[in-house]
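Spelled out from the first residue to the last, the chains are:
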There are 2 protein chains.
Amino acid sequence: MNAQDIPAYMAQVGAAARAASTEMARAGTRAKNTTLTELARLLRAAVGPLGEANAKDIAAAEAAGLAAPMVDRLRLTPKVIETVAEGCEQLAAMPDPVGEITGVKRRPTGISVGQMRVPLGVFGMIYESRPNVTIEAASLAIKSGNACILRGGSEAIHSNLALWQLVQQALVAAGLPKAAVQLVETTDRAAVGRLIAMPEFVDVIIPRGGKGLIERISAEAKVPVIKHLDGNCHTYIDAEVDIAQALVVTDNAKTQKYSPCNATESLLVHQASAAAFLPQIGAIFAAKGVEMRCDAASRAILADVPGARVAEASEADWAEEYLAPVISVKVVADLDEAIAHINRYGSHHTDAILTTNHPNAMRFLREVDSASVMVNASTRFADGFEYGLGAEIGISTDKFHARGPVGLEGLTSMKWVVLGQGEVRS
Amino acid sequence: MNAQDIPAYMAQVGAAARAASTEMARAGTRAKNTTLTELARLLRAAVGPLGEANAKDIAAAEAAGLAAPMVDRLRLTPKVIETVAEGCEQLAAMPDPVGEITGVKRRPTGISVGQMRVPLGVFGMIYESRPNVTIEAASLAIKSGNACILRGGSEAIHSNLALWQLVQQALVAAGLPKAAVQLVETTDRAAVGRLIAMPEFVDVIIPRGGKGLIERISAEAKVPVIKHLDGNCHTYIDAEVDIAQALVVTDNAKTQKYSPCNATESLLVHQASAAAFLPQIGAIFAAKGVEMRCDAASRAILADVPGARVAEASEADWAEEYLAPVISVKVVADLDEAIAHINRYGSHHTDAILTTNHPNAMRFLREVDSASVMVNASTRFADGFEYGLGAEIGISTDKFHARGPVGLEGLTSMKWVVLGQGEVRS
């Protein structure tokens, strides 16, 4: 496709999505669920052809000298395919969010007023590498009654096209419009510029990728963006705490996996717990090779732990999302200081307090201004599947519309429903 | 204030608002309610001084040759003051939305996951003329635990400053921060440009005014905007309908008041009801001097009504928000055509079906893509007070975040709360 053809092509994709969204909004639950189970079946039956399409992307990535972890993220192995197929089946088994009517109340005038859950309309999804996102986004769109326009990374184009064909087959088999899920077929970057600037066709943009990509899209978009920026998550060890439990939870929050956005990046310890807690967690981190960037008080304790990699924290460390075996550590005077520190340096993603003190737990829940606030649990739980959403289209670090893991409900809005018997306003 | 001082001034206002928002988020229900009842008391006690401040604005407006309806909107009469004072008391009597925890469910891992309602943070309110909006916005901010920055019209500056002083007195009396409600003290337009471009201090902008103002603010804002654009509302008369009831409701929807955004601007009539319904509604409209802009079918019927002002509708009429004694009228073949017409030409604000047919009522509710959808009720009911929200900060014609009348809940968001007993992710 020539660059000058892209505006017309994207307008055509947008118009088709808008038209399909009307049909999807009134699609029956059975048709949507049939699409999802059929898609699961088609995915399992296509492990061979999908692998062939994926091999082209892998070969091109290796030829281009892409780093090994990046190449790994591209792989559409039979295991990855089985996981997304199961995800489709799980979504099919979930209740249909569309049409739910809640909170209907009679008013003194005689009318009854409530709210009905309806799809947002059309969402645009911009993502990189992992081709499984194609199926995750498509399946969430189908179940939530939205249409979507998918723009995957150019490095995954063959895999994405092959997956998209299966989605279209499944839609047609269930009598739903093919244009409910469209994949942008050009890898030209100008297509992204158009996708985020068509408010007449697209209601919301969901980008998944690095912070730079998301900031650029947010700045340029002419429609709302569900943003996921940093994940600088904190675990705070209170004065009254079950030390044995705190060790297990903190270890899990930091080391169970280093790369996810919900991994703990900063450890705050009440001064009353520092002497008991820090040497033990320091030993665990030392054994796993986790570097500790410390304030003076924690450093004085941790420096004595055999094998510990201890450094002085700079101001920048408190705001850092390492996504690596590194953690910042600070001793705080009290809960007030912990909350103030988290609200100042955190990224409003996920923060946990480990405590046996009930008032402190409640204050932490109320006053920490983050999308997820936790008591006595690992920050790693901040995830749509763990929260029972079935799947997530992304995680929002915004407060507006959707906050935290975004599942089916985040792809809907509530309209007002008024039921009368001929009432008039006086 | 010099123009070059405005960025620093607005940054100072923004920083104070952000700091106050933290205190407001944890303010107790009693302190917030005390502020509101104290504010009501202060307003009633200040009818004299408020009138004097208002007289300055009125005199300036008249000297500037402002049109009489515009001058009327400026007036802060004892009756207007009593109405806003009652509004404060009604808000005080409502449940506190902040801290509500809903939907807590145990997950297979052992954690319990739910959502807690919390304030958005800081909102900026941009409005014109009516000084009572100052109190409405301030009282909604106080009850919802937000801080707000108010930017009223320059024509109401003396009234707004006098009202704001009472708000600050009430905040101080209840031990809440004065900066929870700030009024921009300069009337320089550059202040608006800054207010909408400080994402570090302001979480959302709520403009109230003409469509041009709102479109300009939306285009330039660096934060989300709760938008209220057109109100091109429809009333549709179905084939099976209680004609007597339909006449009363349609009359009310159009003529009870011509200027509100929820007044009906377009009347659609099923062809099976046209012969029975149109001559009677035509006679009512003729008696009230309502001009009818008609398609050929309705015109053929309405032209025979004595005294009726009937004209041919142009394509533009179907999309018009008249806010005047004018209505567009069209005969449709069936419910499908009615829904398609509304979704194409409407403004997604408020639309009603008048019918005795249950499946048609349900289809209309589901398929009309508007913030408020009604059965057998006047579109004039689309209002935060009528819906039981206590008060409204505005009406959203967007789908994202808040839709329709926006009250206390629209000024909050839901964060995730996870309650554990030491669970870790495996």
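Residues numbered from 1 in each chain as written. Chains lettered and ligands numbered in written order. Predicted model: local features only at pLDDT ≥ 70, side-chain atom pairs only at ≥ 80, totals over all residues. Heavy atoms only, no water.

A.B. asks: Where do I start with the overall build of chain A in this structure?
C.D. replies: When helices and strands are counted, chain A shows 14 helices and 16 strands. Taken along the three principal axes of its C-alpha coordinates, chain A extends 70 × 65 × 40 Å. The proportion of buried residues among the 426 residues of chain A is 58%. Taking all contacts inside chain A whose residues are at least 6 apart in sequence as the whole, residues at least 24 apart take part in 71%. Split by element, the accessible area of chain A, about 16,000 Å² in all, is 53% carbon and sulfur. (Helix = DSSP H or I, 4+ residues; strand = E, 2+ residues; numbered from the N terminus. Buried < 20%, exposed > 50% of the residue type's maximum accessible area, 1.4 Å probe, protein only. Contact = heavy atoms within 4.5 Å. Areas by Shrake-Rupley, 256 points an atom, 1.4 Å probe, with all protein chains shown as cover.)

A.B. asks: Looking at this structure, I do not really get the interface of chain A and chain B. What am I missing?
C.D. replies: Interfaces are frequently sized by the accessible area removed from exposure as the parts join. At the junction of the two partners, chain A supplies 61 residues and chain B supplies 61 residues. Considering only the side of chain A, the residues that lose the most area to chain B are F400, W416 and R425 of chain A, jointly responsible for 18% of the buried surface there. Linking chain A with chain B are four salt bridges. R26 of chain B serves as the salt-bridge partner of E367 of chain A, at 3.5 Å between the closest nitrogen and oxygen. Counting across the chain A and chain B interface gives 43 residue pairs in polar contact (both at pLDDT 80 or more). Contributions of two or more residues to the side of chain A that touches chain B are made by β2 (112-119), α10 (243-255), α14 (358-367), β13 (372-377), β15 (404-406) and β16 (412-423) of chain A. Of all the elements, β16 of chain A adds the most residues to the side of chain A that touches chain B, at 11 residues. Residue composition of the side of chain A that touches chain B, by class: 30 nonpolar, 18 polar and 13 charged. As judged from the five bridges shared by β16 of chain A and strand β13 (residues 372-377) of chain B, these two strands associate in the parallel manner. Pairing of V417 of chain A across the sheet is with V373 of chain B, part of β13 of chain B. (Buried area = accessible area lost by both parts, 1.4 Å probe. Salt bridge = Lys/Arg side-chain N within 4 Å of Asp/Glu carboxyl O. Polar contact = N/O pair within 3.5 Å; in protein donor to acceptor, adjacent residues only side chain to side chain. Nonpolar A, V, L, I, M, F, W, Y, C, P; charged D, E, K, R; others polar. Pairing = 2+ DSSP bridges.)

A.B. asks: Which parts of the structure should I look at to understand the relation of the copies chain A and chain B?
C.D. replies: For the pair of chain copies, the relating transformation is a rotation about an axis with a translation along it. The transformation that overlays chain A on chain B combines an axial shift of 0.0 Å with a rotation of 180 degrees, and the residual RMSD is 0.0 Å. Both chain copies can therefore be described as sitting about a two-fold axis. Minimal C-alpha distance to the rotation axis in chain A is attained by H401 of chain A, lying at 1.9 Å. Comparing contact sets, 100% of the residues at the interface of chain A also lie at the interface in chain B, consistent with an isologous, same-surface contact. (Least-squares fit on C-alpha atoms with pLDDT ≥ 70 in both.)

A.B. asks: Sorry, what's going on with the nonpolar core here?
C.D. replies: General note: in soluble globular proteins, nonpolar side chains tend to be found buried as a group. By size, the foremost hydrophobic cluster in this structure holds 104 residues, and its most contacted members are L43 of chain A together with L43 of chain B. In this view, L43 of chain A contacts L50, I81, V84, A85, C88, I135, L163 and L166 of chain A; residues no more than four positions away in its chain are not counted. (Core = buried A, V, L, I, M, F, W, Y, C linked by side-chain atoms within 4.5 Å.)

A.B. asks: What am I meant to see in the UniProt feature "domain: Aldehyde dehydrogenase" (unreviewed entry) in chain A here?
C.D. replies: All names here are of chain A. Taking the UniProt record as the reference, the feature "domain: Aldehyde dehydrogenase" (unreviewed entry) is found at residues 13-282 and 318-383. Along residues 13-282 the backbone is 52% helical and 16% strand, and the end-to-end C-alpha distance reaches 55 Å. Overall, residues 318-383 shows 32% helix and 27% strand. The separation of its end C-alpha atoms is 23 Å. (UniProt positions renumbered as here; feature names shortened; annotations may be inferred.)

A.B. asks: Any chance you could explain the pairing of strand β1 (residues 101-106) of chain B here in plain terms?
C.D. replies: On a regular strand, one side chain projects to one face of the sheet and the next to the other, so that they alternate. Residue and element names in this part refer to chain B. The pairing of β1 with strand β2 (residues 112-119) spans four bridges and is classified as antiparallel. Each residue of the ladder has a partner; that of R106, found in β2, is S112. Between β1 and β2, which pair antiparallel one after the other, the connecting turn spans five residues, and G110 there sits at a positive phi close to 110 degrees.

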